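Coordinates in review
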Amino acid sequence: MYTAHPDRYTDMPYRRTGRSGLKLPALSLGLWHNFGPDRPVETQRAILRRAFDLGVTHFDLANNYGPPPGAAESAFGEALAADLAPYRDEMIVSTKAGYLMWPGPYGEWGSRKYLLSSLDQSLKRMGLDYVDVFYSHRPDPETPLEETMGALHSAVQQGKALYVGVSNYSAEQTREAARILGELGTPLLIHQPRYSMLDRRPEGEGLLDALDELQVGSIAYSPLEQGLLTGRYLDGIPEDSRAAGDSPFLNRDALTEDLVGQLRALDGIAKSRGQSLAQMALAWVLRGGRVTSALVGASSPRQLEDSVAAIRNLEFDAEELARIDAVVGPAPGPGSR
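Residues numbered from 1 in each chain as written. Predicted model: local features only at pLDDT ≥ 70, side-chain atom pairs only at ≥ 80, totals over all residues. Heavy atoms only, no water.

1. Focus on the environment of Tyr130
Along the chain, the position of Tyr130 falls in the loop between α3 (112-126) and β6 (131-136). Once the C-alpha coordinates of Tyr130 and Gly159 are considered, the two residues, 29 residues apart in sequence, prove to be 6.6 Å apart. (Helix = DSSP H or I, 4+ residues; strand = E, 2+ residues; numbered from the N terminus.)

2. Some points on the environment of Arg50
By secondary structure assignment, the location of Arg50 is in helix α1 (residues 41-53). The exposure class of Arg50 is partly exposed, given its relative accessible area of 27%. For the pair formed by Arg50 and Leu304, sequence separation is 254 residues and the distance between their alpha carbons is 8.0 Å. Setting aside its immediate chain neighbours within four residues, Arg50 contacts Pro301, Leu304 and Glu305. (Buried < 20%, exposed > 50% of the residue type's maximum accessible area, 1.4 Å probe, protein only. Contact = heavy atoms within 4.5 Å.)

3. Here we look at the sheet that holds β6
The strand order around the closed barrel built from 8 strands is β3-β4-β5-β6-β7-β8-β9-β10, with neighbouring strands paired in parallel fashion. Averaged over neighbouring strand pairs, the angle between their axes works out to 30° when direction is ignored. Examined bridge by bridge, strand β3 (residues 27-30) and strand β10 (residues 293-296) share 3 bridges and lie parallel to one another. The residue of β10 that forms the bridge with Leu27 is Ala294. (Pairing = 2+ DSSP bridges. Axes fitted to C-alpha atoms, helices over the stretch in contact; angles between N-to-C directions.)

4. Details of unusual backbone geometry
Cis geometry is adopted by the peptide bond preceding Pro67, which originates at Gly66 and carries an omega value of 0°. With respect to the secondary-structure elements, Pro67 resides in the loop between β4 (58-60) and α2 (71-84). With an omega of -5°, the peptide bond running from Pro67 to Pro68 counts as cis. Here Pro68 is to be found in the loop between β4 and α2. Backbone geometry at Ser222 places phi at a positive 55°, although glycine is not the residue there.

5. A few points about the packing of aromatic side chains
Here the structure, examined in full by the defined rule, presents 8 aromatic pairs. A ring pair is formed by Phe59 and Phe76, whose centres lie 5.7 Å apart and whose planes are at 40°; its orientation type is tilted. Taken together, the residues span a long stretch of sequence, with Phe59 in strand β4 and Phe76 in helix α2 at a distance of 17 residues. Summarising the aromatic geometry, the rings of Tyr195 and Trp284 are spaced 5.5 Å apart at their centres and angled 45° between planes, so their arrangement reads as tilted. (Phe/Tyr/Trp six-rings, centres within 6.5 Å; stacked < 30°, edge-to-face > 60°.)

Remember, this is a structural readout, not a statement about activity or role.
Shown next as structure tokens:
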């Protein structure tokens, strides 16, 4: 039987999420890629146990995570029942709905019908009575934002979620979502944007500024850019890597000579800080406290340990930031891609 490490809260920093009472660990575990039937069950359970032992109290899911869709929530539910159930009140569990989950007109986007049906399915897969955070995973161009935010509010009123968030919303959409939720009496807790040294759009497009103004928290996904910022591709494309396979998120064509040159330069800066490239990339996202937490994935406990070691050095001096900017360029302006 699993017993959590007694010193699990010693090293991990916890950051307040916006103006709420909720604190999140600086690093959270995302179950996007590595939890499903194509991975050994014991490895999945070992990753979750090790995460909790390291103070990673937040586990981030979505209805469509797998593959196949739903598999990550089912795997998490099984691991929770087997190992972590006694610690439920020490954990933050989040899930989302917005992308395609089942056939027909009610299986994706942002309608009240889809969001609340999806949440019920997610709770059943995970064996939970409630999630701590329920997100609208993406804005719906055809459903009034009042309906989507009203569904999130209903999830809280029904006791099926404690807090609500949005993901992949623009700064303008986030401001409007926060306004609607505020009028309903369910504050917007958090935004989950894609953000990394190689994708600085949340800065350039004003999203981080909007979150500061709204006092809304943020949690960055893909801070390692699908593995590009792990140092794995400094000397070519390993045959067992994501880029060598058929991943829709990273392929061989992305590994240009210019990009590899950038990665090598960043790796040199990381070494001067006594960090791996992945550790520096995570620390960079968390710099200055504007981002509440960074999401990391893991295919093994050891990989997770390497990521969590980023917390040993989260500070940057002006010269280091300038060197990084010289490599990757400044944040793009509004409308840039």
